[in-house]
Amino acid sequence: MRKIPLRKCVGCQEMKPKRELIRIVYNQTDGTVDLDASGRKPGRGAYICRNVTCLTPARKKKALDRSLKTSVSATIYDSLAEQLAEVEPEGPDE
Ligand SMILES: [Zn+2]
C-alpha cells in the first residue's frame, strides 16, 4: 500500500492527508503570503484544511505567523479567508 503523506493543519493541529489540506506559502522575495493550490510555489510553507473555519484558530493563536516565521497582517488573513472559501474540498491526487 502506498504511504499517504500527512501534514499538520495550522488551524485544528490535526495530521491529515496532504490532499485534504492546502499549502500557504510565504515568499520571502516579495513578502507575499498566498494560497498555493499547486503546492509547488517557492518559499516557506504551512498547511491548512481546505476549510475556512480552520483559519480562525490559526489567526487567533498566530499559528500561521509562527509556521511561516513572519508577521501575517489582518489584510493577509482576510485575503486568505476569501481564497479558502473558494477552494475545492479535495486537492488533486498526486
Ligand atoms: Zn484544520
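Residues numbered from 1 in each chain as written. Predicted model: local features only at pLDDT ≥ 70, side-chain atom pairs only at ≥ 80, totals over all residues. Heavy atoms only, no water.

Student: I'd love a proper account of a nonpolar patch on the surface, names of residues and values included.
Tutor: On the surface, a nonpolar cluster with roughly 300 Å² of combined accessible area is contributed by Ile-4, Leu-6 and Met-15. Take Ile-4: it is sitting in the segment before strand E1 (6–8). (Patch = residues over 30% accessible without salt bridge, like charges linked within 9 Å, V, L, I, M, F, W, Y side chains within 5 Å. Areas by Shrake-Rupley, 256 points an atom, 1.4 Å probe, with all protein chains shown as cover. Salt bridge = Lys/Arg side-chain N within 4 Å of Asp/Glu carboxyl O. Helix = DSSP H or I, 4+ residues; strand = E, 2+ residues; numbered from the N terminus.)

Student: Give a description of helix H3 (residues 74–86) that names residues and reports values.
Tutor: Given a rise of 1.5 Å per residue, 13 residues ought to cover 18 Å, and the 19 Å separating the end C-alpha atoms of H3 matches this to within 8%. When H3 is considered as a whole, its buried residues turn out to be Ile-76, Tyr-77, Leu-80 and Leu-84. For H3, the arc enclosing every buried residue in end-on projection is 95°, short of the 170-degree limit, so these residues lie on one face. In H3, those exposed residues whose orientation departs by more than 90 degrees from the buried face are Thr-75, Glu-82, Ala-85 and Glu-86. On its buried face, H3 is in contact with strand E3 (21–27), strand E4 (32–36), strand E5 (44–49), helix H1 (55–60) and helix H2 (63–68). (Expected span 1.5 Å × (residues − 1). Buried < 20%, exposed > 50% of the residue type's maximum accessible area, 1.4 Å probe, protein only. Arc of directions from axis to C-beta. Contact = heavy atoms within 4.5 Å.)

Student: A description of the UniProt feature "domain: YlxR" (unreviewed entry) in the protein should follow, citing residues and the corresponding values.
Tutor: Under the present numbering, the feature "domain: YlxR" (unreviewed entry) in UniProt falls on residues 7–81. In residues 7–81, the share of helix is 27% and the share of strand is 31%. The end C-alpha atoms are 20 Å apart. (UniProt positions renumbered as here; feature names shortened; annotations may be inferred.)

Student: How would you explain the sheet that holds E4 if you had to name every residue and give the values?
Tutor: One open sheet holds the three strands; their spatial order is E4-E3-E5, and the pairing between them is antiparallel. What marks the edges here is a single partner per strand, and that holds for E4 and E5. Averaged over all pairs of adjacent strands, the angle between strand axes in this sheet comes to 25°, irrespective of strand direction. Bridge count for E3 against E5 is six bridges, and the pairing is antiparallel. By the bridge assignment for E5, Ile-24 is matched with Ala-46. (Pairing = 2+ DSSP bridges. Axes fitted to C-alpha atoms, helices over the stretch in contact; angles between N-to-C directions.)

Student: I'd like a rundown of the coordination of the zinc ion, residues and numbers included.
Tutor: Donor atoms from the polypeptide that coordinate the zinc ion comprise Cys-9 (SG), Cys-12 (SG), Cys-49 (SG) and Cys-54 (SG), at 2.2 to 2.3 Å from the metal. Each of the four donor atoms bound to the zinc ion contributes to angles spanning 105 to 114°, and the resulting shape is tetrahedral. When the donors of the zinc ion are listed by position in the chain, the intervening gaps give C-x2-C-x36-C-x4-C. Here the residue Cys-9 occupies a position in the loop between E1 and strand E2 (15–17), and Cys-54 occupies one in the loop between E5 and H1, the gap between them amounting to 45 residues. (Donors = N, O, S within 2.8 Å, 3.2 Å for Na, K, Ca; no water. Tetrahedral: all angles 85-135°; square planar, octahedral: opposite > 155°, others 65-115°.)

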